[in-house]
Every structure is written in structure tokens, then in C-alpha cells.
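Examination of the molecular architecture
Residue strings, one per chain:
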Amino acid sequence: MAGKIGVYFDLENIGGGLDVEGLAAQVRDKWADLTPVVKVVPLLAGAIAEISEDITAQGLDGVLLCGASPRVDGELYRFPVQVEYVNLRELCVQAYKNPDNSPVDKNNAPALLSLMARDYVNMGVVKLQKSAVPDSAAITTVPRVLVIGGGWTGLTAALEAAATGYEVVLVEKSAQLGGAASNIPMGSPLKSPWTDKEATCVSGKIAAVTENDKITVYCNAVMQKLEGQPGEFTASIATEKGTVTVQVGAAVLATGWKPLEDKYLASMGLGEDPRVVHAAEFGKMLAADQVTARRIAFVLDTTMAEEAVRKAAEDAAEAATGEEAAAPAAEEGETKSFVKEDLESIKHLRYSNVVNSVGMLRLANTVCEKTDDATQAFILYKDMTVPGILERFYKQMQDRLGVMMTKADVTDIRDAGSHMVVECKNTLLGMDFDLDVDMVVLPTGLVPTTAKEVTVGFDYRQGPDFPDLALFDGFADSNYICFPYETRRTGVYAAGCVRQPLTMDACEEDARGAVLKAIQCIEAAGHGVAVHPRSGDLSYPVFNFVRCTQCKRCTEECPFGALDDDEKGTPKPNPARCRRCGTCFGACPERVISFANYNIDQIGSMIREVQVPKDFKSEGPRILILACENDAYPALDMAGARGKSWSPYCRVIPVRCLGSVNAIWVSDAMSKGFDGVMLLGCKYGDDYQCHFVKGSEICNRRKENIAETLNRLGVQPERVEQMEVAIDEYDKVPDLIDGFVARITAMGPNPFKGM
Amino acid sequence: MSNAILVVGGGFAGLTAAIEAAELGHDVYIVEKTPWLGGRVAQLNKYFPKLCPPSCGLEIQFQRIRKNPRIKCLTMAEVTGLSGSKGDYTVTVRLAPRGTAAHNVDFSLLASSLEGETPSEFELGLSGRKALYKSMPFAYPARYVLDPSTLSKSDAARVAGNKFLSLDEKEREIELKVGAIVVATGWKPYDVTRLENLGAGSVKNCVSNMQLERLASPFGPTGGRIVRPSDRRAPTNVAFVQCAGSRDQNHLNYCSYICCMASLKQSLYIAEQYPETHVTIYYIDLRAPGRYVNVLDKVKALPNVSLVKGKVANAVQAEGDRVRLTVEDAVRGEKLTLDYDLVVLATGMQPSLAGDKLPLPLPLDEEGFIAGGEEAGIFAAGCAYMPLDVTRTAQSGTAAALKAVQTVKGR
């Protein structure tokens, strides 16, 4: 708790005709000993040395900077004590408008603006007063990376982690290392100039791994479970010689893929006729010199199979009408009876379009090359999906006698006795034709192992599997475009084809990226700080177990599965898994969870610092806006800076995530006399933008409970609204706010006002 | 010997590499040529496939930078010299004058009072900018730039005497000691003036895909309304010309990776703003890599979007400032001549280093992509290495950070 706060007003950057000296005097009066230093400085950026001196001379343990937004110049104000900002410029002066929309006097602040500024300053002081420097949650970490999967990606990850100075435990399911890459002696290019087939030298990678002192390899081994937290996980590995347990700091998941089952391509002859194979099988045959066919169709268009599967599904659905609908999927977080859902589907075929387009070109070229161009290879495609630099490879591969390519809709593949017939329509050759071939090669669907099996076996309360797999059709992927290594299981980073179908060069790169994140996570745990997005945050949730009623809401709602529990249901926190979003304390009805620098009392106290006038009619309503600091708050900040304004009756409090909003804050606001509460957060749903994955969605769910509570108290539940706002909706958000204020105004005062 | 890392380029690849390395405990310098970080991504309206705003991810990256004292950002900066060797480089960096104070000042009123205007690089010529400017609301660093060369006489009088502006700041050079270098110099849109058959940039209402991003952006020249630049009218029919420069030996001898997805995304923008407007995409191959096929399916389901396999042979001006396209429909074998209100050229990405040279021992291929350098402790990331989308760029930046960390570790 800060007990000696220096308050600094940035005269240059406040403006609006505010009586800054008056604001300072108010602080001295009201907070007295808590704020031994209260200064109005001509320019904050010019007062950095002065502030540093005050910190030492006065023994300050916190500084409150009142002026421009914390989003500007934050890097200038790094002091060895807690720093808080009061955004008097963007969120107060610039966002201010008169309730009747009359012009604002820029030289003499209107009374409402002065009230707003005073509220924000007092809220800032109390925020800092209720904030403490967290104790360190640093742990002694194990500098060892677990790599699950010994294929191309896993081998690369193991070598890269070792090259960075970390020990590695590599777990491979089969008897040998190498995985699918073992069947590809010559692969697509791995480096510039990106033109030709390239020897993959898998055996070289295997040898390097085997010879490396830092790497321990377990073959014929699978993960049994992973328990603990980043920096100090315990991995139990089932090996031929029994279970091995090993301490690891973090993990890279590189379990790769399995080929899509033949049944999905049965309509195109796969599994029905031995002359029809999929590309990965063909690659193996080619490597073993088993291909005798001399006219081969490489068919990339699989519309036929997709149609057949779709139709079969429709028929099945029709047959099932009248039967009981399937039981709904278990709610997230429930562990009672975990059943692995098989997420394999024909979708995986198209998702593998790049790997197959590149692969078919390579295979067609190779088979022609091997037979001195005595083979005719026909590549039939809808779209050659060879994006980017691999266009060069595309050109080189088709430039071979024997390789013939055309766009074609393949409408039938049939047995004609001595040969097969591939029916081609809408080709670029100006006609439809039947192609007679000895063999048909179909694409391989890369089905991520995570779609079929539990790969890591998390010994977590929320279950052994990754939580979002269905959303990504079974891939262990991130939902974020900017942050491909984001994971809901902190410390475990997927790479390679288990994350998305990738060519071999991209798998190598992905392995490096995942290794960096893994070792970064180990180091973060060693320093007791959070990883992305609140990188470096020292705080973590602290539980007052005396009052815990074992309701399990926190353990169920944590988006990152950071909380385990004991038999009774008492939460067991794992700080190194925690991402500091505060969803746990948002969930807690008993308010037993807090962060040293972010807690229920702190925000509640800020709410109580707002001076709510008794007379709604003459002095207007008061509206509390709890805004997500990642997107909604910057949107408001930019709105102000862009000259947009909104009702002066609002007070904005940034929150770490809407998931951290506790219902008590709404009650606090209502009993204080606020007339409405607006919850401003990110979009949710499948394309969620919440940086903590579920925060805004969870908040919306909780809102129903809040509504019930309000109803019981005789307060209209419409007084609390949640709205989704994206960070770039700065020009729309003022209207959202004003619309809400208008609805509240029409509703009249909160019945609790003045009580 | 130094365990610091230099990152050349502050676009998404460079930002990622810098932040990831710094969060692993390394000192990092970002040297960015333009006045702000964010690169090409900052110009985009939305990302595919989620149609989420890029400033959302940038906000997080900038927060990470603000909190991390290990990261030093040098903007309006260019590497001018390098000496030493892997693990022990001395880099010379030239800093151009910014003309504004080293802290945030709200110059919005002063800036809007200025008269002089020059075409905005950031808005790709679709609008002008003042001599005192900040191109984006989320700019990092959050500081204006004063460009004395575009000040009119009366403007000069307006800015004179402002204590936070300087008209005579000089460029300066500094030296940095680093052990490894990540080169993330990114890409530039292919120069449309070279596409003579497509009007060479002189046909009205024939814009590039990056210009369309600016037209759709809430802080762009039209506040996000997609209109014809000539008369600001809503278009009733729009065509996209894929591979405008890409996959063409005379221009870019590769596929630019993102243009198919960009056009699909942009057709979603148009469908959202004008559900009645007809959109046609002319393509050679529609490349929707991996799970992006779901975006392709979403676009295919739109009632007013047509996808036509065919190469656009040329674009000329037609009456009413419309654009006349000659198209060869590859499947039907027909030659079509059609007029559109608005035509979008899906121009490709050219590496920024094409036709340029960094003073680094870095081999480039004939197109300007980086083709080596690892043995010297110099690692390419993002689109300086190959054309990539944002996710792959972030992957690439993270991977390059690891290689740089390995190079300096334990030194």
C-alpha cells in the first residue's frame, strides 16, 4: 500500500481552463499526510529529475502523474516506485462536452469539467493508496525443455533449444526419430533460392540430436501427464521400461499429424482400388522404388469427395430425425468425465492445400526424373495453392518433360479394367476429357494429432487437453493473428503441423519460434513475472482461504487453467501459469482473491471516490464505465484525442479485462448512487478479440446474475449494460456512451440515490 | 563483445523480434526509417481471417515496449555503417531531425491551422498531410513530426517560437554496440506505374489494394467509407485484378502470398458497406492457404461476389471516370470487355531492399529478398525474407529472435 504519494500536475498538458492549482490544493486538503508532495509543474517531461529527487528526499513510495494519457510517454516515467496516471487530458478535458452541447469555454473550465477532474484525481490517489508492490513469486526453474514429438519440427526444436543452452527431453511415440519426414529424402526447398527440390537430410538431424549431450531421447514413449507449472513442470513419460518422471521448465508440442482416414476419399477410390493412393503413401512408394505406373494422375481437386461426405452427412441427419438430439457438449472447465472428442473431418483435406500442392509438384517431378521422363504425370487442380516464394519452385517443378498440368474439375474416377479413367471437366484445354492412367494420387489430409488424441495429458483441474481445439478444427493453434504462439496452457507451445499444415521450411521456423517462447516462459517464471500479454507483471492472485467457500467458480473460469483444487474444492494457484487477467477475482462471490496492485477494494474505493450529486434533475446522472484497458480504454483515449466527446456524467475506470469485473463493483456503484454502469470490452464469440480469451464472454454470462441481483434490490437491470467495442471504433464509442446515458436519463434516478 | 541485438525495421516482424528478445533479457535497439513503429500493418484496416483491427495487436506490442526498459526505439533512423564481426559489431545509425520535442505534445490544433499540404506517404497519395503531422491515432512514439520542407511562409510564422518545435534541428549520427542483427526491413507495394497495361497509375478510380485499405480505414482519408476517389461516390460495381505485378517474369517473379486473401477480405468490406454492390475477382489461382479456405467459402457464399478465373489484359479509362477492363476468361475461353466504377489492383509486395542497399554484409537474391547472412550473425525476418502474411511474419520474427539470442548468448 502506497503511504507516501507524490502527486504531480503537468500544467502544459492539462489545459481546458482547469484550475490546476485548485486541484492541487484539493489534494493537499483531502489527502494530507498521504500526499506529502503535491506539485504543479510547468512540464512533466521536464520534471523527471525533480520527481526522482523527491522520491529519495521525501521517501515517496508512489507517484501520481496527472496530465496526458498513460498511453503517451509512458517510457519516460520509469521510477523505482509505483507509478499511476490520471488521464486529465484525453479522457477529461478533450472528451468533455457540455450536457446541452453548447460550446465549451476553453479558458474557464465549466463546473462539470472541474468536478470530473477532481473525481479522477481523487480516484487516482486512492488507486495508488490501495496498490502495493507485489512480493516476488519467483521460483527456482529447471532449464530444460520438453519436446513432444521427434519428427522434423521436434528434432529442429530439440537442436535449437540445446543450441540456446537448455537441456532437452525429447519424447517420440514410435521406435525411431524422424517422423513423416523420414519418407521424404528430397523435399521442397528449405532456403533461398527456393527453386529446387532439396535433400532433407533427416538422418543428419537425427544424428545431431542423438549425439548432443544436452538432449535425452525417449523413443517408443508417450506423455502420460504434465503437472505443475512453467519453470517446474513434472512430466511423466510412459516408456518401454516403465514410467519416467522428469522435471522440465516448458514444453514444445510437435506431435505432427496423421493422414486423413481413407474413408473420406472412398468416393474417389481411396481404399477401394489399390491403384489409388494418397500423396504421403505415394511418397513412401517412390522412396522405396515401388512405383511402376507410367501414367499417373495427381488429383488436387477433391470436390467429389467433399460432396459425397456432405451428402452422406445429410442422409444420416435425415435418418436420425426423430431420434434424440445428441447431448450437448460438456461446459468448458468441467472435468467429471473427460472424453476425447474426435475432431477429424474432411475439412482437413482442404486445410492441407499448400502442403499438397507443393507436395504433388515435387512428387510428379521426382517420378519423371527417376524414370528418365518415361513417366507422364498429370497434375489436375482447381487452384494451385503454392503461395509466396514457392512460386519459384512451382515453375521449376512443372518445367519437366512429362509433367503436365491443367485446371480441371475431376468429376469421376473409375476402374476401366486395365487402367483407371479420370473424368476432367472445365479444363483450360478448351474441352472436357477422360484421362487414362495407371495410378491416381490423391491429396493427403493432414489431421493434427491433437484432433485425435490427448497429446500432453495436463494434470490440470480443467482437464488433460487443450481447451480450444474444436474452434480450430483440432489444431493446437492460437486464435491471434499477431500472436501465433499464444496458448491457453502457459508454458506449452505448439509448432509444426500440429499447429497448422506447414511446408518443411516453415516447420523449422515454427520450431524456433516455439523454442523461444518456451525458454522465455522458463525465464519469466524464474523472475516471477507474467508472460504475454502482461509481460513483466510481477503481480499474481493471492487467496484468503479462510473465507473461501469452495464454490469452484475461479477454478472453472480461469481461461488459462492456472488454478487446480484439492478434494474439497479449495483452489490451488499456480502463479507461473497465471496471466494476471483477474478473471478469478471477477468470479469470486466471497471476494477472497486479490492482486497486490489490483484488487476488489481498490476499484471499489475508486468508485466511492466519485462525488455523486443527490439531485439527478439539476446535476445530472452519474454513469460508471468499466473499460477493458487493452482495447476499450485505448479506443476512448483515441476518441478524446481525436476531438470526440461524450457525456460529462461518465467516469471511466480501466480494468485489466472485463473478466476481472466483480459484481460487487456494480453494487458499490449502485449504492453510491450511480445511475448506470457500462461494461465496455472486446468482441467475443468464435472470432474473439479478448486478449485473455474469455474475459468479455464470461463477463456477459455473469451479467445475468448481476441482473437478477439488481432485480431483487428493485433496481432495473437495464441500468447495467455490456457493450463490445473494437480498438478502432474510437469514432463510434462516444455515440454508444451517449446512447446509454440517454437511456439512463430517461429511466430517471437510481432508487438508491442519496440513501 | 556485446549481448545487445539490433533490429532493423520496426514493422511487425521487427517489433516481434525485438520484444521477444528483450523479454528474454536482451538489450535491443529498433532502428526504424519512418517516424513511427508498426510498418505496413499500421496502414491496414483489418486483418484476414478474423477481420480484426491491426491496432489491437500493435497496442499490446507498444505496451510491451513502454514497460520494457531494455528496448530502445530509434525512429527516423537508418543504419549507415557497420564494422566489427559477429558478436562484436559497431553500427552507425543516422537520425534524421524530427523537429518536435522528445515528449508528447498535442499539436493537433496547430497542425490543423497550417496551410501547406503535401501528399501523404502514409495515405498513399489519397490525401495530403500538413508540415506538422502524426499519421495515425495510435502512433508510437506518440509524437508529431515537423517537416520544414513542406512549410509555407505563413506556416513558418505559425510554428516559429513554439518552444516544442525546432526548425533547425540537425541530423546526427550515433554508434551502437551489438552482437547480432535482425533485418526486418519489410516490403513496399509494387510500383503501379510500371504496370503499363493496367494504366500505370493514371486511370482514375483504379486504386491499389493498399489504397483500398486506407479508404476502408476509420482514420483514413474518407473516415472508412469506400468510395471512388474521383467523386467520392459509392461504387455499384467493383473489380479486383489479382496478380497485378506478381507471378510475372517482367515484374515480380513470385507470388506475393497475401493478395488473394486481401481481395477476399476487401470484398467482405464492400459487401458490409454496400450489400447491393457487385464485386468480381479476376484471378489466376485463388490462393487461400490452409484454414483460410474458410474465408474463401464465406466470400463464395455472398450473393453479389463473383470469382472468375481469368487474367486481366488491360485497364483503360472509360466514360464517367469508370474503368474498362479487358479480361480473358480462362475457362470459357472468352475475351470480355467490362466497365467498373472502381477497380482494385491487387498489387504485390516487393522487398524494401529491392533496388536499395543496406550497409550490411547481406546477400540479396535477384528480387531483393535476403538470401543468407546467418554465418555473420545477421538474420532475416518477415517479408524481407519472403512474402508472408502477418501470422507467418510474427512466427518469422520470433524465430529470428531466437537465432539472434543464440548468437549473443554467453558473450
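1. Remarks on the overall build of chain A
The helix and strand inventory of chain A stands at 21 helices and 32 strands. Dimensions of chain A, computed from the C-alpha atoms along their principal axes, are close to 100 × 60 × 55 Å. For chain A, buried positions account for 57% of its 755 residues. A separation of at least 24 residues holds for 74% of the contacts in chain A among residues at least 6 apart in sequence.

2. A short note on the overall build of chain B
Within chain B, the secondary structure is distributed over 8 helices and 21 strands. The C-alpha radius of gyration of chain B comes to 22 Å, within 12% of the 22 Å expected for a compact globule of 411 residues. Looking at chain B as a whole, 57% of its 411 residues are labelled buried. For chain B, restricting intrachain contacts to residue pairs at least 6 apart in sequence, the fraction spanning at least 24 positions comes to 69%.

3. Considering unusual backbone geometry
That bond from His532 of chain A to Pro533 of chain A is cis: its omega, 0°, falls within 30 degrees of zero. Within the secondary structure, Pro533 of chain A sits in the loop between α13 (504-527) and β25 (542-543). The omega torsion of the bond from Phe48 of chain B to Pro49 of chain B falls at 0°, within 30 degrees of zero and hence cis. Structurally, the position occupied by Pro49 of chain B is in the loop between β2 (28-31) and α2 (54-67). In this model, Lys552 of chain A sits at a positive phi of 75°, which is unusual for a non-glycine residue. On the secondary structure map, Lys552 of chain A appears in the loop between β25 and α14 (553-557). Even without glycine at this site, Arg247 of chain B takes up a positive phi of about 55°. With respect to the helices and strands, the residue Arg247 of chain B is situated in the loop between β14 (237-244) and α6 (259-273).

4. Details of the domain arrangement of chain A
Residue and element names in this part refer to chain A. Under the domain assignment, chain A is made up of domain 1 (1-133), domain 2 (144-256 + 449-527), domain 3 (259-444), domain 4 (542-594) and domain 5 (598-755). Distance between the C-alpha centres of domain 2 and domain 3: 28 Å. In this complex, domain 2 contributes 29 residues to the contact, which on the side of domain 3 involves 28 residues. Taken together, the residues of the side of domain 2 that touches domain 3 break down into 14 nonpolar, 8 polar and 7 charged.

5. Let's talk about the interface of chain A and chain B
Across the boundary between the two partners, chain A contributes 67 residues, which contact 62 residues of chain B. Listed by contribution, the elements that provide at least two residues to the side of chain A that touches chain B are α5 (152-163), α9 (347-351), α10 (353-370), α11 (391-398), α13 and α18 (632-641) of chain A. The biggest single contributor to the side of chain A that touches chain B is α13 of chain A, with 10 residues. Grouping the constituent residues of the side of chain A that touches chain B by class yields 29 nonpolar, 17 polar and 21 charged.

6. Let's talk about the domain arrangement of chain B
Residue and element names in this part refer to chain B. Segmenting chain B into domains produces domain 1 (5-96 + 171-186 + 352-408), domain 2 (108-160) and domain 3 (191-348). Summarising the inter-unit geometry, the C-alpha centres of domain 1 and domain 3 are found 31 Å apart. If you look at the interface, domain 1 gives 11 residues, while domain 3 gives 19 residues. Looking at the side of domain 1 that touches domain 3, its residues break down into 6 nonpolar, 2 polar and 3 charged.

7. Re the sheet that holds strand β10 (residues 222-227) of chain A
Residues and elements named next belong to chain A. Here we have 3 strands laid out as an open sheet, ordered β10-β11-β12, and antiparallel in their pairing. Because the sheet does not close on itself, it has two edges, and the strands there are β10 and β12 (242-248). Direction aside, the axes of adjacent strands within the sheet are offset by 20° on average. Pairing between β10 and strand β11 (residues 233-239): 5 bridges, direction antiparallel. For Met223, the partnering residue across the bridge sits in β11 and is Ile237.

8. Quick notes on the nonpolar core
Residues Val145, Phe298 and Val441 of chain A are the most contacted members of the largest nonpolar core, which totals 371 residues. The dominant element in this core, judged by the number of residues it contributes, is α13 of chain A, at 13 residues. In this structure Val145 of chain A touches Ala161, Tyr166, Val168, Val248, Gly249, Ala250, Ala251, Val252, Val515, Ala518 and Ile519 of chain A, once residues within four positions along its chain are discounted. Listed in part, the 13 residues of the second largest apolar core include Val105, Tyr144, Val145 and Leu151 of chain B.

9. A closer look at the environment of Ala32 of chain A
Residues and elements named next belong to chain A. Mapping Ala32 onto the fold places it in the loop between α1 (20-31) and β2 (37-41). Looking at Ala32, the number of C-beta atoms within 10 Å reads 9, which means it is exposed. For Ala32 and Val93, which are 61 residues apart along the polypeptide, the C-alpha to C-alpha distance reads 26 Å.

10. Remarks on the pairing of β11 of chain A
Regular strands show a simple pattern: their side chains alternate between the two faces of the sheet. All names here are of chain A. What sits between β10 and β11 in their antiparallel hairpin is a turn of 5 residues, with Gly228 showing a positive phi close to 95°. Strand direction decides the pairing type here: β11 and β12, joined by 7 bridges, are antiparallel. Counted as the bridge partner of Ser236 is Thr245 from β12. Between the end of β11 and the start of β12, which pair antiparallel, lie 2 residues.

11. Points about the packing of helix α1 (residues 12-22) of chain B against helix α8 (residues 390-408) of chain B
Residues and elements named next belong to chain B. For the pair α1 and α8, the least separation of the axes is 8 Å and the interaxial angle reads 40°. Relative to α8, α1 is oriented oblique. The handedness of the crossing between α1 and α8 is right-handed. Judged by residue contacts, Phe12, Ala13, Gly14, Thr16, Ala17, Glu20 and Ala21 of α1 engage Val390, Thr393, Ala394, Ser396, Gly397, Thr398, Ala400, Ala401, Ala404 and Val405 from α8. In terms of residue class, the contact of α1 with α8 is made up of 10 nonpolar, 6 polar and 1 charged.

12. A look at the packing of helix α4 (residues 111-129) of chain A against helix α16 (residues 600-609) of chain A
When two helices pack together, their arrangement is captured by the angle between the axes and the distance separating the axes. All names here are of chain A. Packing of α4 against α16 brings their axes to within 8 Å, and their N-to-C directions diverge by 155°. Judged on the interaxial angle alone, α16 and α4 are roughly antiparallel. Once α4 is placed against α16, the crossing between them reads as right-handed. Seen from α4, the contacting residues are Asp119, Asn122, Met123, Val126 and Lys127; seen from α16, they are Gln602, Ser605, Met606 and Glu609. Classifying every residue of the contact of α4 with α16 gives 3 nonpolar, 3 polar and 3 charged.

13. Focus on α1 of chain B
Across the 11 residues that make up α1 of chain B, a large majority, 11, are buried. Of all the residues in α1 of chain B, the buried ones are Phe12, Ala13, Gly14, Leu15, Thr16, Ala17, Ala18, Ile19, Glu20, Ala21 and Ala22 of chain B.

14. A few points about the environment of Pro751 of chain A
Residue and element names in this part refer to chain A. Looking at the secondary structure, you find Pro751 in the segment after α21 (733-747). Take Pro751: there are 15 C-beta atoms within 10 Å of it, and that puts it in the partly exposed class. Taking the C-alpha atoms as reference points, Pro751 and Ser671, 80 residues apart in sequence, are found 9.3 Å from one another. Ignoring anything within four residues of it in the chain, the contact list for Pro751 reads Gly714 and Val715.

15. Some thoughts on the environment of Leu23 of chain A
All names here are of chain A. Following the sequence through the fold, Leu23 ends up in helix α1. In this structure Leu23 comes out as buried when scored by C-beta crowding, with 24 C-beta atoms within 10 Å. Considered as a pair, Leu23 and Val38 are 15 residues apart in the sequence and their alpha carbons are 9.9 Å apart.

16. Considerations on the sheet that holds strand β3 (residues 62-67) of chain A
All names here are of chain A. The parallel open sheet is built from 4 strands, whose spatial order is β2-β1-β3-β4. The outermost strands of the open sheet, each flanked by one partner alone, are β2 and β4 (82-87). Between one strand axis and the next, the sheet turns by 15° as a mean value, whatever way the strands run. One ladder, built from 5 bridges, connects strand β1 (residues 5-10) with β3; its direction is parallel. Looking at the pairing, Phe9 lines up with Cys66 of β3. Helix-sheet contacts for α1 involve β1 and β2, and the interaxial angle to β2 is about 175°.

What counts and how
- Residues numbered from 1 in each chain as written.
- Chains lettered and ligands numbered in written order.
- Predicted model: local features only at pLDDT ≥ 70, side-chain atom pairs only at ≥ 80, totals over all residues.
- Helix = DSSP H or I, 4+ residues; strand = E, 2+ residues; numbered from the N terminus.
- Buried ≥ 20, exposed ≤ 12 C-beta atoms within 10 Å, placed from the backbone.
- Contact = placed C-beta atoms within 7 Å.
- Rg over C-alpha atoms; globule rule 2.2 N^0.38 Å.
- Domains from an automatic or database assignment.
- Nonpolar A, V, L, I, M, F, W, Y, C, P; charged D, E, K, R; others polar.
- Pairing = 2+ DSSP bridges.
- Axes fitted to C-alpha atoms, helices over the stretch in contact; angles between N-to-C directions.
- Core = buried A, V, L, I, M, F, W, Y, C linked by C-beta atoms within 7 Å.
- Parallel < 35°, antiparallel > 145°, perpendicular 65-115°, else oblique.
- Left-handed = near helix turned anticlockwise from the far one by under 90°.

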